[in-house]
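Here are the chains, one letter per residue:
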Amino acid sequence: MPTVQVPAGPIAYEDTGGEGPVLVFGHGLLMDGRQWRKVIPLLPEYRCITPTLLLGAHVEPMHPDVDLTEQGVARILADFLDVLGLEEVTLVLNDWGGGQFLISEGRAQRVGRLVLASCTAFDNYPPEPARPAALLCRLPGGGWLLSRMFGTKFFRHSRRAYGALSKTGLPDALYDEWFRPAIENAAIRRDLVKFATGAPSRRRLLELSDQLRTFTRPVLVVWAREDQMMPLEHADRLVELFPDAAKLIIDDSWTLIPEDQPRAMAEALQKFVG
């Protein structure tokens, strides 16, 4: 997997190449671009790029003093777009929605279109099922203790933990790959703890969300009707917030629409981007 250097450190990514419109895909906590492994093969006419963000499944740690709050990771994503020199990107976010803060940080110049698919929004950082883990990370040694739970059936498959993400379920082999860096590397756990404990206050989150209305380019809000983690009402609130937004509701899926309904997700992107 190639990497590029941004001020925060190395960012690994996959790039299908090609001359088509550029789609950049975000991913969720303790995941990487394989979150989109069922969707990208359905989009051969596009250049699809999946950076591995600093959310705990990255294999190379960031510099120790790097800001890994929600806004900090958004700035790192903006730095990644800058280093690759990408223009008129369609930024696609699912599960983690902090990439929206490129807008409030004044770094959305390279984003031509935005897709928000069942993701954290408004004051839902972190979502309710993830809050106990975030609280644990605030305790001394909490990151290490959390990483010991990654191999348990409860953490992987309970609806009160990662089992709430996908209606069809994720394979344990993929969980093994996603969780290994934080289990084996103390510096990755340090990054994970910084992110998990770095959400702004609810009041600040709502202030940042209000700034998103300055983004006047097209936005597509795609939401899973049965989402267990991201309130369905947030889809309507996002459509009202952005000046140029449309909404699509997906049936028979939870948060990870790319996992549960990959064809519907791909078709929505094709129709939106053209």
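Our subject is the structure that appears above.
Residues numbered from 1 in each chain as written. Predicted model: local features only at pLDDT ≥ 70, side-chain atom pairs only at ≥ 80, totals over all residues. Heavy atoms only, no water.

**Student:** Hey, could you run me through empty space enclosed by the protein in this one?
**Tutor:** All chains considered together, the criterion is met by 1 cavity of 30 Å³ or more. Considering the residues around the largest cavity, the lining is formed by Leu91, Gly99, Gln100, Leu102, Ile103, Ala108, Val111, Leu114 and Phe215. Sorting the residues of the lining of the largest cavity by element identifies α2 (101-104) and β6 (111-119) as the ones contributing at least two each. Tallied by class, residues from the lining of the largest cavity come to 7 nonpolar, 2 polar and no charged. (1 Å grid on protein atoms, 1.4 Å probe; cavity = no way out; pocket = protein on both sides within 12 Å on 5 of 7 lines; lining within 4 Å. Points joined across faces, edges and corners; volume = space filled by probe spheres on them. Helix = DSSP H or I, 4+ residues; strand = E, 2+ residues; numbered from the N terminus. Nonpolar A, V, L, I, M, F, W, Y, C, P; charged D, E, K, R; others polar.)

**Student:** I would appreciate a short explanation of the side chain of Ser209 in the present structure.
**Tutor:** Locating Ser209 in the fold gives a position in helix α8 (residues 202-211). Ser209 has contacts with Phe122 and Leu241, leaving out every residue within four places of it along the chain. (Contact = heavy atoms within 4.5 Å.)

**Student:** Is there a simple way to think about the sheet that holds strand β2 (residues 9-15) in this case?
**Tutor:** Strands belonging to one sheet form pairs held by backbone hydrogen bonds; the direction of such a pair is parallel or antiparallel. Here we have 8 strands laid out as an open sheet, ordered β1-β2-β4-β3-β5-β6-β7-β8, and mixed in their pairing. Bordering the open sheet on either side are β1 (3-6) and β8 (245-250), each of which pairs with just one other strand. Direction aside, the axes of adjacent strands within the sheet are offset by 25° on average. Judged from the 7 bridges that link them, strand β5 (residues 89-95) and β6 form a sheet pairing that is parallel. Across the sheet, the residue bridging to Asn94 is Ala117, located in β6. Of the strands in this sheet, β6, β7 (219-224) and β8 touch helix α9 (residues 233-241), which is tilted by about 175° from β7. Together, β3 (22-25), β5, β6, β7 and β8 form the strand contacts of helix α11 (residues 262-273), whose direction differs from that of β6 by roughly 155°. (Pairing = 2+ DSSP bridges. Axes fitted to C-alpha atoms, helices over the stretch in contact; angles between N-to-C directions.)

**Student:** For this particular structure, what's the right way to read helix α4 (residues 142-149)?
**Tutor:** An α-helix turns once every 3.6 residues. As a result, residues three or four positions apart point the same way. Every buried residue of α4 is accounted for by Gly142, Gly143, Leu146 and Ser147. Looking straight down α4, one finds its buried side chains confined to an arc of 135°; they lie on one side. Among the structural elements, α3 (131-137), α5 (153-157), α6 (172-184) and α7 (186-196) are those in contact with the buried residues of α4. (Buried < 20%, exposed > 50% of the residue type's maximum accessible area, 1.4 Å probe, protein only. Arc of directions from axis to C-beta.)

**Student:** Would you mind going over the pairing of β3 with me for this structure?
**Tutor:** Looking along a regular strand, one sees the side chains alternate between the two faces of the sheet. Going residue by residue along β3, you find Val22 and Val24 tucked away on one face and Leu23 and Phe25 tucked away on the opposite face as well. Note that β3 and strand β4 (residues 47-51) share 3 bridges and pair parallel. By the bridge assignment, Val22 is partnered in β4 with Arg47. In terms of strand pairing, β3 meets β5 through 3 bridges, oriented parallel.

**Student:** Sorry, what's going on with the nonpolar core here?
**Tutor:** Within soluble globular proteins, side chains that are nonpolar generally end up buried alongside one another. Leu114 and Phe242 are the most contacted members of the largest nonpolar core, which has 72 residues in total. Of all the elements, helix α1 (residues 70-84) adds the most residues to this core, at 7 residues. The contact partners of Phe242, leaving out residues within four places of it in the chain, are Gln100, Ile103, Leu114, Leu116, Leu212, Phe215 and Val219. Grouped together as the second largest cluster of nonpolar side chains are 22 residues, Trp36, Leu43, Phe272 and Val273 included. (Core = buried A, V, L, I, M, F, W, Y, C linked by side-chain atoms within 4.5 Å.)

**Student:** What's the story with the pattern of salt bridges in this structure? I'm lost.
**Tutor:** Between side chains of opposite charge, a pair can form when the charged atoms approach closely. Enumeration according to the criterion identifies 23 salt bridges in this entry. With a closest N to O distance of 2.8 Å, Arg37 and Glu259 form a salt bridge. Of this pair, Arg37 sits in the loop between β3 and β4 while Glu259 sits in helix α10 (residues 257-260); the two residues are 222 residues apart in sequence, bridging distant segments of the chain. The class of Arg37 is partly exposed, set by a relative accessible area of 31%. The shortest N-O distance in the salt bridge between Asp79 and Arg107 comes to 2.8 Å. Residue Asp79 is located in helix α1, and its partner Arg107 is located in the loop between α2 and β6; the two are separated by 28 residues in the primary sequence. We classify Arg107 as partly exposed; its relative accessible area is 23%. Each member of the salt-bridge network shares a partner with another, and the members are Asp79, Asp82, Glu87, Arg107 and Arg110. (Salt bridge = Lys/Arg side-chain N within 4 Å of Asp/Glu carboxyl O.)

By themselves these figures say nothing about function.
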